[in-house]
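Topology and contacts: notes
Chain by chain, the residues run as shown.
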Amino acid sequence: PPSLVYDLESLLESGLASDVTFIVGEEMEEMKAHKPILIARCPVPILSEETMHLKEINVPDVDPDYFRELLRFIYTDQISQEALEEMADELLAAANRFGLSRLK
């Protein structure tokens, strides 16, 4: 059944009405997102004054799988058990970097 979490995850996965694309990792994988959601959900912004106006933001030093899980958590407050087991250290670093105490 539809819920806010389901709807936000669907919005992230579809990229519908996205207004920013992250170009992630050495693979240069594109990940679409929504600036208002990122601003509202991250105490320490992923977007800075310098990047707020950009439509594409390069994130070359982050693994795409890790960044995808980070976005999913920002949108839904949920993380899969598999991601926790495989990326615990990276997710803890993200929690500290972006002020996501609810991820700790």
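Above this text sits the structure in question.
Residues numbered from 1 in each chain as written. Predicted model: local features only at pLDDT ≥ 70, side-chain atom pairs only at ≥ 80, totals over all residues. Heavy atoms only, no water.

**A short note on the sheet that holds strand 2 (residues 29–33)**
Strand order in the open sheet formed by three strands is 2-1-3, with mixed pairing between adjacent strands. Edge positions in the sheet fall to strand 2 and strand 3 (56–59), since each of these pairs with one other strand and no more. If you compare each strand with its neighbour and ignore which way they point, the axes differ by 25 degrees on average. Where strand 1 (residues 20–24) and strand 2 come together, five bridges link them in antiparallel fashion. In the sheet register, Thr 21 faces strand 2, and the bridge partner there is Lys 32. Along the sheet face, helix 3 (residues 64–76) touches strand 1, strand 2 and strand 3 and points at about 5 degrees away from the line of strand 2. (Pairing = 2+ DSSP bridges. Helix = DSSP H or I, 4+ residues; strand = E, 2+ residues; numbered from the N terminus. Axes fitted to C-alpha atoms, helices over the stretch in contact; angles between N-to-C directions. Contact = heavy atoms within 4.5 Å.)

**Regarding the packing of helix 3 against helix 4 (residues 81–97)**
Viewed as axis vectors pointing N to C, helix 3 and helix 4 meet at an angle of 75 degrees, and their least axial separation amounts to 10 Å. By the criterion of interaxial angle, the relationship of helix 3 to helix 4 is roughly perpendicular. Residue-level contacts link Asp 65, Tyr 66, Glu 69 and Leu 70 of helix 3 to Ala 83, Met 87, Glu 90, Leu 91 and Ala 94 of helix 4. The class makeup of the residues in the contact of helix 3 with helix 4 is six nonpolar, no polar and three charged. (Parallel < 35°, antiparallel > 145°, perpendicular 65-115°, else oblique. Nonpolar A, V, L, I, M, F, W, Y, C, P; charged D, E, K, R; others polar.)

**Points about the environment of Asp 61**
Note that Asp 61 resides in the loop between strand 3 and helix 3. When the C-alpha atoms of Asp 61 and Val 24 are compared, they prove to be 7.6 Å apart, with 37 residues separating the residues in sequence.

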